[in-house]
Amino acid sequence: MRSMFGPRRVGARLLAGALVASLAVTALAGAASAGTRVAFTYGSHVAIVTDLDPATSYSNEVVAMHNIYESLTRYDSASGTVKPALATEWSASEDGLTWTFTLRDGVTFHTGRALDAAAAKAAIERTMRLGMGAAYIWGAVESIEAPDATTLVFHLSYPAPLDLIAAAQYASYVYDVNAAGEGASDEDLAAWFGEGKDAGSGPYAITTWEPGAEFELTLDAFPGYWGGWTDAHYTAIDYRVVPEATTAAQLLQAGELSFADRLNPQLVASLRGDEALQDVGRLAVLGHQAIERLVLRQAAHLHRPLHDLVAAAGAGRGVHVVAPVRAAHHRHHAEVDIRREIGRAHV
């Protein structure tokens, strides 16, 4: 799940169900007064962090990373368009082989250094050089130039939608490559991140990381965030590991969680009567990790009353996916239908 761009506004408690389709629930919170810590508490059924290096991170920590780091652009799923982030505007050459991005002026990393074109170039080049995680998104890039402080130029080996690529959920982050010291090696910087530190420019910065603890990760608002803090926003984000769904539901009702990432349909249904909670939709996938045996995956694809299966699994909230790419993805096309027999071909 990609988090919101910019500071999190003081808003609501959230919960999410599981299986084919799930739910989220929110409850309004009071605006933060000056000097008051108002935390959004994210409840996760598994550990949050596997890798804090923004170049190689490719797992659960994405729910935190997008509050810590930013990309050149961001994808707005509601409008299906690419929006400005660290870059305010961009253009491509007629042949699609050269992309020029104009960076936002006055952006500062959490380390105190300026985020300029040279810094962005160095970050993306390190991600490409390491070649781990989702670094493949930059596969079309041959070279990068930073002719001045706010201009970043990409030269591609083949045409690619770099504005969209730069908004990717992983490996698109811009970070301070000198956070571990001027001239530090890639390995030294990775070790520095591994100590629970960050080098982002996002609205929140890492305060504590305690692997294995219930309250695993804490982020505090970054005072120097370029987006400002003039409205009511959460001043902190706490990531709490709550493995048991029943416990998560109880913590939601008690106001001790703002969000739970995995509740079964029965628990969701039991909470619908709570007026302090607002029901909003969220998509989850019944994927190959849930059905590991080939023959069972084929059976699921070929199951004749598939709509009934989806409805039952989602407690009436399931959605039958009829295209090879889920609806939340920018490449989704509703007119592309999956025939049952495709199950035999690709699972």
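Residues numbered from 1 in each chain as written. Predicted model: local features only at pLDDT ≥ 70, side-chain atom pairs only at ≥ 80, totals over all residues. Heavy atoms only, no water.

## Focus on the packing of aromatic side chains
- Scanning all chains against the criterion turns up 15 aromatic pairs.
- When the centroid spacing of 6.4 Å and the interplanar angle of 65° are considered together, the rings of Tyr58 and Tyr136 count as edge-to-face. In this pair, Tyr58 is assigned in the loop between strand E2 (39-44) and helix H1 (62-68) and Tyr136 in the loop between helix H2 (117-130) and strand E7 (141-148), connecting sequence segments 78 residues apart.
- On the basis of relative accessible area, Tyr58 is assigned to the partly exposed category, the value being 40%.
- Judged by its relative accessible area of 55%, Tyr136 falls in the exposed class.
- When the ring of Trp99 is compared with that of Phe101, the centres are 6.3 Å apart and the planes differ by 25°; the resulting orientation is stacked. Taken as a pair, Trp99 and Phe101 share a single burial class, namely buried.
- Connected via pairs of aromatic rings, a cluster forms that spans Trp90, Trp99, Phe101, Trp138 and Phe154.
- One Lys or Arg, Arg104, reaches over the ring of Trp226 and ends 3.9 Å from the middle of that ring. (Phe/Tyr/Trp six-rings, centres within 6.5 Å; stacked < 30°, edge-to-face > 60°. Helix = DSSP H or I, 4+ residues; strand = E, 2+ residues; numbered from the N terminus. Buried < 20%, exposed > 50% of the residue type's maximum accessible area, 1.4 Å probe, protein only. Lys NZ or Arg CZ within 6 Å of the ring centre and 35° of its normal.)

## Brief notes about the nonpolar core
- Within the largest apolar cluster, 60 residues are counted, with the highest numbers of intra-cluster contacts made by Leu72, Trp138, Leu152, Phe154, Leu162, Tyr175 and Tyr239.
- Excluding its chain neighbours within four sequence positions, the residues that come into contact with Leu72 are Pro84, Ala85, Leu86, Ala87, Phe101, Leu103, Ile124, Leu152, Phe154, Ala166 and Val174.
- Within the second largest apolar cluster, twelve residues are counted, among which are Ala248, Leu252, Val268 and Leu271. (Core = buried A, V, L, I, M, F, W, Y, C linked by side-chain atoms within 4.5 Å. Contact = heavy atoms within 4.5 Å.)

## Some thoughts on the sheet that holds E7
- With antiparallel pairing, the four strands of this open sheet are ordered in space as E5-E6-E8-E7. At either margin of the open sheet sits one strand with a lone partner, and together these are strand E5 (87-92) and E7. On average, adjacent strands in this sheet sit at an angle of 20° to one another, irrespective of strand direction.
- The sheet contact formed by E7 and strand E8 (residues 151-156) spans five bridges and is antiparallel. Along E8, the bridge assignment pairs Ile144 with Phe154. (Pairing = 2+ DSSP bridges. Axes fitted to C-alpha atoms, helices over the stretch in contact; angles between N-to-C directions.)

## Some points on the confidence of the model for the protein chain
- Residues of the protein chain with pLDDT of at least 70 account for 70%, and the chain-wide mean is 82.
- Taken together, the stretch residues 1-6 has pLDDT below 50 and engages in 26 contacts with residues farther than four places along the chain or on a different chain. (pLDDT = per-residue confidence, 0-100.)

## Focus on the pairing of strand E11 (residues 236-241)
- E11 sits mainly inside the fold: six of its six residues count as buried.
- As defined by bridge partners, E2 adjoins E11 across six bridges and the pair is classed as parallel. Residue pairing across strands places Tyr42 opposite Tyr239, the latter belonging to E11.
- In this structure, strand E10 (residues 215-221) lies alongside E11, joined through five bridges in antiparallel fashion. Across the sheet, residue Phe215 finds its bridge partner in E11, namely Arg240.

## Brief notes about the pairing of strand E6 (residues 98-103)
- Judged by which residues are buried, E6 turns out to be one-sided: Trp99, Phe101 and Leu103 face inward and are buried, whereas Thr98, Thr100 and Thr102, on the alternate face, are not.
- As paired strands, E5 and E6 are joined by five bridges and run antiparallel to one another. Its bridge partner lying in E6, Trp90 is registered against Phe101.
- Following E5, the chain reverses through five residues before pairing antiparallel with E6; Gly96 in that reversal takes a positive phi of roughly 75°.

## Remarks on the pattern of salt bridges
- Tallied over the entire structure, the rule returns nine salt bridges.
- Across the pair Asp53 and Arg126 runs a salt bridge, and its minimum N-O distance is 2.8 Å. Of this pair, Asp53 sits in the loop between E2 and H1 while Arg126 sits in helix H2, placing them 73 residues apart in sequence.
- Accessibility expressed as a relative area gives 3% for Asp53, which makes it buried.
- Among the ionic pairs, Glu125 bridges to Lys121, the shortest N-O distance being 2.9 Å. One end of the pair, Glu125, and the other, Lys121, are both in helix H2, four residues apart, so they sit about a helical turn from each other.
- Residues joined in a network through salt bridges with shared partners are Asp53, Arg126, Arg129 and Asp186. (Salt bridge = Lys/Arg side-chain N within 4 Å of Asp/Glu carboxyl O.)

## Observations concerning unusual backbone geometry
- Positive phi is not limited to glycine here, since Ala171 has a value of about 70°.
- Position of Ala171 relative to the elements: it lies in the loop between helix H3 (162-165) and helix H4 (186-193).

## Topic: the environment of Arg126
- Arg126 sits in the buried class, given a relative accessible area of 1%.
- Sequence-wise, Arg126 and Ala55 are 71 residues apart; in three dimensions their C-alpha atoms are separated by 7.2 Å.
- Leaving out residues up to four positions away in the same chain, Arg126 has contacts with Asp53, Ala55, Tyr175, Val177, Asp186, Leu189, Ala190 and Phe193.
- Separated by 2.8 Å, the side chains of Arg126 and Asp53 make a polar contact. (Polar contact = N/O pair within 3.5 Å; in protein donor to acceptor, adjacent residues only side chain to side chain.)

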